[in-house]
Amino acid sequence: MEVIVTKTYEDMSALAARMIAQQILHKPSSVLGLATGSTPVGTYKELIRLHKNQGLDFSKVTTFNLDEYVGLPPTHNQSYRYFMDQNLFNHVNVPSASIHVPYGHAESVLDFCEWYEAEIQRFGGIDLQILGIGGDGHIAFNEPGSSLGSRTRLKTLTEETIEDNKRFFGPGEEVPRFAITMGVGTILEAKKIVMIANGKKKAEIIAEAIEGPVSSQVSASALQLHRHVVVILDQEAGSKLKRADYYKWVYEQKAKLMPNLIGKAT
Ligand code: F6R
């Protein structure tokens with residue numbers, strides 16, 4: 001695992017975007033796994049800038065998103081599809097036929113989940129997966145207790161998450177209780193994973209996920225089993241890491257001697 005602690009949210013976002021851009025330059029037909037939430041907004045902004053100012057080309061890229069609420073149409077302003085349209089897809093040239101976000105209105109969620117897994121395989125698997133991390137260590141909607149081998153499936157949201165989400169919905173509007181999410185096992189099959197986190201609120205769980213034991217109680221800890229993970233943090237999110245000095249040292253040595261190796265080591 002390569003851990004990079006940057007100074008600010010903007011630095012974290014710029015570095016994550018650079019890694020995605022490098023992936024696309026290296027393989028224009030890359031399959032990207034994408035996340036929603038507040039963390040990747042800056043990364044997507046930077047990708048849009050690279051597209052507009054430097055011609056970063058998404059025309060051959062295929063995308064698969066991690067998760068979606070069940071019961072929300074893609075046009076609902078709280079659906080993850082809507083989020084992705086607003087924050088990335090509407091501003092870059094990824095063809096709409098190449099975009100995959102779990103479909104929250106599928107007639108049979110079970111069939112849909114199987115299809116989603118097969119579709120990822122049909123495109124040759126995910127080349128680069130972007131992840132955020134929840135306060136309880138979840139990745140995608142894999143709440144604590146999710147099997148480390150889990151696949152794309154229907155997940156019942158915790159009461160805490162439902163309560164938390166209420167503020168985004170109008171009065172009388174039903175808050176989703178279920179989501180479709182890639183499993184931890186699905187995520188671990190990505191060829192490369194970049195996890196990003198910022199802010200003090202993430203410091204404790206980041207330290208647990210990176211330096212604690214691998215456990216289904218902290219889904220993100222499963223990333224320790226993957227051979228190519230880069231974790232990019234801002235200073236606050238990295239503030240509880242015991243080996244922070246070592247990660248910094250590694251990064252500085254690489255930056256000095258082999259700048260093009262940053263993000264390539266395991
Ligand atoms: C979203 C997702 C979630 C978020 C996590 C962090 O697609 O998969 O696991 O990455 O909940 O959310 P933020 O970034 O809002 O702190």
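One structure accompanies this document, and this report is about it. (Residues numbered from 1 in each chain as written. Predicted model: local features only at pLDDT ≥ 70, side-chain atom pairs only at ≥ 80, totals over all residues. Heavy atoms only, no water.)

## Observations regarding the overall build of the protein
Part 1 of the argument: The helix and strand tally for the protein stands at eight helices and ten strands.
Part 2 of the argument: For a compact globule of 266 residues, the expected C-alpha radius of gyration is about 18 Å, and the protein comes in at 18 Å, within 12% of that figure.
Part 3 of the argument: If one aligns the C-alpha atoms of the protein with their principal axes, the spans along those axes are about 55 × 40 × 35 Å.
Part 4 of the argument: Once local pairs closer than 6 in sequence are excluded, the contacts in the protein between residues at least 24 apart make up 79%.
Part 5 of the argument: For the protein, the accessible surface area stands at approximately 12,600 Å², while carbon and sulfur atoms represent 52% of it.
Part 6 of the argument: Taking the 28 positively charged and 30 negatively charged side chains of the protein as two groups, their mean positions are separated by 8 Å. (Helix = DSSP H or I, 4+ residues; strand = E, 2+ residues; numbered from the N terminus. Rg over C-alpha atoms; globule rule 2.2 N^0.38 Å. Contact = heavy atoms within 4.5 Å. Areas by Shrake-Rupley, 256 points an atom, 1.4 Å probe, with all protein chains shown as cover. Lys, Arg positive; Asp, Glu negative; His and termini not counted. Charge placed at Lys NZ, Arg CZ, Asp CG, Glu CD.)

## Quick look at the pairing of strand 6 (residues 128-131)
Part 1 of the argument: Burial along strand 6 is two-sided: L128 and I130 facing one way and Q129 and L131 facing the other are all buried.
Part 2 of the argument: Sheet analysis places strand 2 (residues 31-34) next to strand 6, joined by two bridges and oriented parallel. Within strand 6, the residue paired with L32 across the bridge is L128.
Part 3 of the argument: In this sheet, strand 9 (residues 192-197) lies alongside strand 6 in parallel orientation, the contact comprising four bridges. (Buried < 20%, exposed > 50% of the residue type's maximum accessible area, 1.4 Å probe, protein only. Pairing = 2+ DSSP bridges.)

## A short note on the sheet that holds strand 6
Part 1 of the argument: What the seven strands build is an open sheet, ordered 1-10-9-6-2-3-5; its pairing is parallel. The open sheet terminates on both sides in strands that have one partner only, identified here as strand 1 (2-5) and strand 5 (99-100).
Part 2 of the argument: Two strands pair when backbone bridges link them, and strand 3 (residues 62-65) and strand 5 are joined in this way by two bridges, in the parallel orientation. Each bridged residue has a counterpart across the sheet, and for T63 the counterpart in strand 5 is I99.
Part 3 of the argument: Each of strand 1, strand 2, strand 6, strand 9 and strand 10 (229-233) touches helix 1 (residues 9-26); the most contacted strand, strand 10, lies at about 150° to it. (Axes fitted to C-alpha atoms, helices over the stretch in contact; angles between N-to-C directions.)

## Points about the sheet that holds strand 7 (residues 153-156)
Part 1 of the argument: Spatial ordering of the open sheet is given by 4-8-7, a layout of three strands whose pairing is antiparallel. A single partner strand is all that each edge strand has here, and the edge strands are strand 4 (67-69) and strand 7. The sheet shows a mean angle of 30° between the axes of neighbouring strands, taken without regard to direction.
Part 2 of the argument: Pairing geometry for strand 4 and strand 8 (residues 178-181), over three bridges, is antiparallel. Residue pairing for strand 8: D67 is matched across the bridge by T181.

## A few points about helix 4 (residues 109-122)
Part 1 of the argument: Helix length check: helix 4 (14 residues) gives 19 Å between terminal C-alpha atoms against 20 Å at 1.5 Å per residue, within 8%.
Part 2 of the argument: Among the residues of helix 4, those classed as buried are V109, F112, C113, Y116, E117, E119 and I120. In a view along the axis of helix 4, the buried residues occupy a sector of 160°, so they form one face of it. Opposite the buried face of helix 4, by more than 90 degrees, sit the exposed residues L110, D111, E114 and R122.
Part 3 of the argument: Buried-residue contacts for helix 4 involve strand 3, strand 5, strand 7, strand 8 and helix 6 (184-188).
Part 4 of the argument: Within two residues after helix 4, G124 carries a phi angle of roughly 90°, on the positive side. (Expected span 1.5 Å × (residues − 1). Arc of directions from axis to C-beta.)

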